[in-house]
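Observations on the three-dimensional arrangement
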Amino acid sequence: MSDIPATVASSEPVHRLAILFDIDGTLIISGGAGAASWRMAFDELYGIPADIGQFTDTGMTDPDVGRQTFVAVLHRQPSRAEFAKLLERRLHYLYQTVADSKDYRVLDGVEELLPRLLDEGYLLGIVTGNLEAAAHIKLHRAKLNRFFSFGGYGSDSTDRGELTRIALQRAALVYGEALGPEQCIVVGDTPHDVEGAHGAGIACVGVASHNFNAEQLRAGGADYVIGSLREGLPL
Ligand SMILES: [Mg+2]
């Protein structure tokens, strides 16, 4: 291998094998179900209907959302037991808030794109700041879980680069072959997704379908920007 000039190797076309999708704002919008479930959990446990939108940003991982909101409304760190209980009550309410959400919807192009990508031989995974259970509760209502055989979640790391690397390792386990970052692409709707992808050495497609427009995603470093998944992916 060492006698092959590096320039030849690097000019070979990249063949992408795996596609990692963010959930909220990329595949679905839950219509506020996530925030409602946190509010109900804080209200039940502490009598405070906490609004995570006041204390956290779109694209943060669930553990960060829970911890920062806890500190903001209770002015101290949660104990280990308090935090575990908070996460449990939040997941408990999330089943209901997702089921009841009037504004829950699958974003444009998703239901056509996912089966087509599988037919074309791509491996599909999830990369999200949601706790693993929360991710699957959100996908379940639209029966989208079945498309994804691996993932990296907010319950794996609060660092999006790290949880994206974990997703890649899981893809390798599931499919029995190593996958390099250059063989993958991340699809997300926020600059946090871009940052996480780049942290793992993976290119990122920004989808300007919900929270951020094309200009903002480009400014956030997205390698490609599309208006919605109806356009397909730049593979
Ligand atoms: Mg998102």
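These numbers come from a predicted model, not from an experiment.

**Describing the packing of aromatic side chains**
On inspection of all chains with the given rule, the structure shows six aromatic pairs. Centroid distance Phe150 to Tyr175: 6.1 Å. Interplanar angle 90 degrees. Geometry classified as edge-to-face. Here Phe150, found in strand β5 (residues 150–152), pairs with Tyr175, found in helix α7 (residues 160–175); they are 25 residues apart in sequence, far enough to count as distant. For Arg67, the ring lying beneath its charged end belongs to Phe83, and the centroid distance is 4.3 Å.

**Considerations on the environment of Gly227**
Along the chain, Gly227 falls in the segment after β8 (224–226). Taking the relative accessible area as the measure of exposure, Gly227 reaches 31% and is therefore partly exposed. Each C-alpha atom of the pair Gly227 and Val205 lies 10 Å from the other, and the pair is 22 residues apart in sequence. Not counting the four nearest positions on each side in its chain, Gly227 is found in contact with Val207, Ala208 and Ser209.

**What to know about the layout of surface pockets**
Its volume calculated, the largest pocket comes out at about 600 Å³. Contributing to the lining of the largest pocket are 31 residues, with Asp24, Ile52, Thr58, Gly59 and Lys138 lying nearest its centre. Those elements that place two or more of their residues in the lining of the largest pocket are α2 (33–46) and α3 (62–74). Considering every element that reaches the lining of the largest pocket, the biggest residue donor is α2, with four residues. Here the residues of the lining of the largest pocket are counted per class, giving seven nonpolar, 15 polar and nine charged.

**Topic: the domain arrangement of the chain**
Domain boundaries in the chain define domain 1 (6–30 + 105–231) and domain 2 (33–100). Here the C-alpha centroids of domain 1 and domain 2 sit 25 Å apart. Taken together, the contact pairs 17 residues of domain 1 with 18 residues of domain 2. Here domain 1 and domain 2 share zero salt bridges between them. Run the count over domain 1 and domain 2 and you get five residue pairs in polar contact (both at pLDDT 80 or more). Secondary-structure elements contributing two or more residues to the side of domain 1 that touches domain 2 are α6 (132–140) and α7. At four residues, α6 tops the list of elements feeding residues into the side of domain 1 that touches domain 2.

**Observations concerning helix α4 (residues 80–100)**
With 21 residues, α4 should reach 30 Å at 1.5 Å per residue; the first-to-last C-alpha distance of 31 Å fits that figure. At Leu94, α4 shows its largest kink, close to 30 degrees. Taken together, the buried positions of α4 are occupied by Phe83, Leu86, Leu87, Arg89, Arg90, Leu91, Tyr93, Leu94, Thr97 and Val98. Buried positions along α4 lie against α2, α3 and α6.

**Observations regarding the environment of Val65**
Note that Val65 resides in helix α3. Along the chain, Val65 and Asn130 lie 65 residues apart, while their C-alpha atoms are 9.8 Å from each other. Those residues in contact with Val65 that sit more than four places away from it in its chain are Trp38, Ile52, Thr56 and Met60.

**A word on unusual backbone geometry**
Here His75, not a glycine, exhibits a phi torsion of approximately 60 degrees, which is positive. Looking at where His75 falls in the secondary structure, it is placed in the loop between α3 and α4. Phi is positive for Lys143, which is not a glycine, with a value near 55 degrees. The exposed category is assigned to Lys143, whose relative accessible area is 59%.

**Here's the deal with a nonpolar patch on the surface**
The grouping of Leu173, Val174 and Tyr175 at the surface amounts to a nonpolar patch, some 300 Å² of accessible area in total. You can call Tyr175 partly exposed: its relative accessible area is 31%.

Calculation notes
Each chain carries its own residue numbering, running from 1 in the direction its sequence is written. Residue-level local features of this predicted model are given only where pLDDT is at least 70; pairs of side-chain atoms are given and counted only at 80 or more, and the full residue set underlies all totals for whole chains, interfaces and linings. Excluded from the side-chain calculation are hydrogens and water; included are all heavy atoms of the structure. Centres within 6.5 Å make a pair out of two Phe, Tyr or Trp rings, where for Trp the six-membered ring is used; the pair is then stacked when the planes are under 30 degrees apart, edge-to-face when over 60, and tilted otherwise. Numbering of helices and strands runs from the N terminus, with a helix taken as a DSSP run of H or I at least four residues long and a strand as a DSSP run of E at least two residues long. By definition, being over a ring means that NZ of Lys or CZ of Arg is both within 6 Å of the ring centre and within 35 degrees of the ring normal. Three exposure classes are used, based on accessible area relative to the maximum for each residue type with a 1.4 Å probe and protein chains only: buried under 20%, partly exposed in between, and exposed over 50%. For this analysis, residues touch if any pair of their heavy atoms sits within 4.5 Å. Using only the protein atoms, space was sampled on a 1 Å grid; points where a 1.4 Å probe fits but cannot get out form cavities, open sets with protein on both sides within 12 Å along at least five of seven lines form pockets, and lining residues are those with an atom within 4 Å of a point. Grid points are joined across faces, edges and corners, and a volume is the space filled by probe spheres set on the points. Classification used: nonpolar for Ala, Val, Leu, Ile, Met, Phe, Trp, Tyr, Cys and Pro, charged for Asp, Glu, Lys and Arg, polar for all others including Gly. Either an automatic procedure or a domain database provided the assignment from which the domain bounds are taken. Salt bridges are defined by distance alone: a side-chain nitrogen of Lys or Arg within 4 Å of a carboxyl oxygen of Asp or Glu. In the analysis that follows, any N or O atom pair within 3.5 Å is treated as a polar contact, provided that within protein one partner can donate a hydrogen and the other can accept it, and provided that, for residues neighboring in sequence, both atoms belong to side chains. Between the first and last residue of a helix there are one fewer steps than residues, each counted as 1.5 Å, and that sum is the expected span. Here the bend at a residue means the angle between the axes of two seven-residue stretches, the one that ends at it and the one that starts at it. Patch members must show over 30% relative accessible area and no salt bridge, and they are joined within 9 Å when carrying like charges or within 5 Å when they are nonpolar side chains of Val, Leu, Ile, Met, Phe, Trp or Tyr. Each accessible area is a Shrake-Rupley result for a 1.4 Å probe, and residues are judged covered by the shown protein chains and nothing else.

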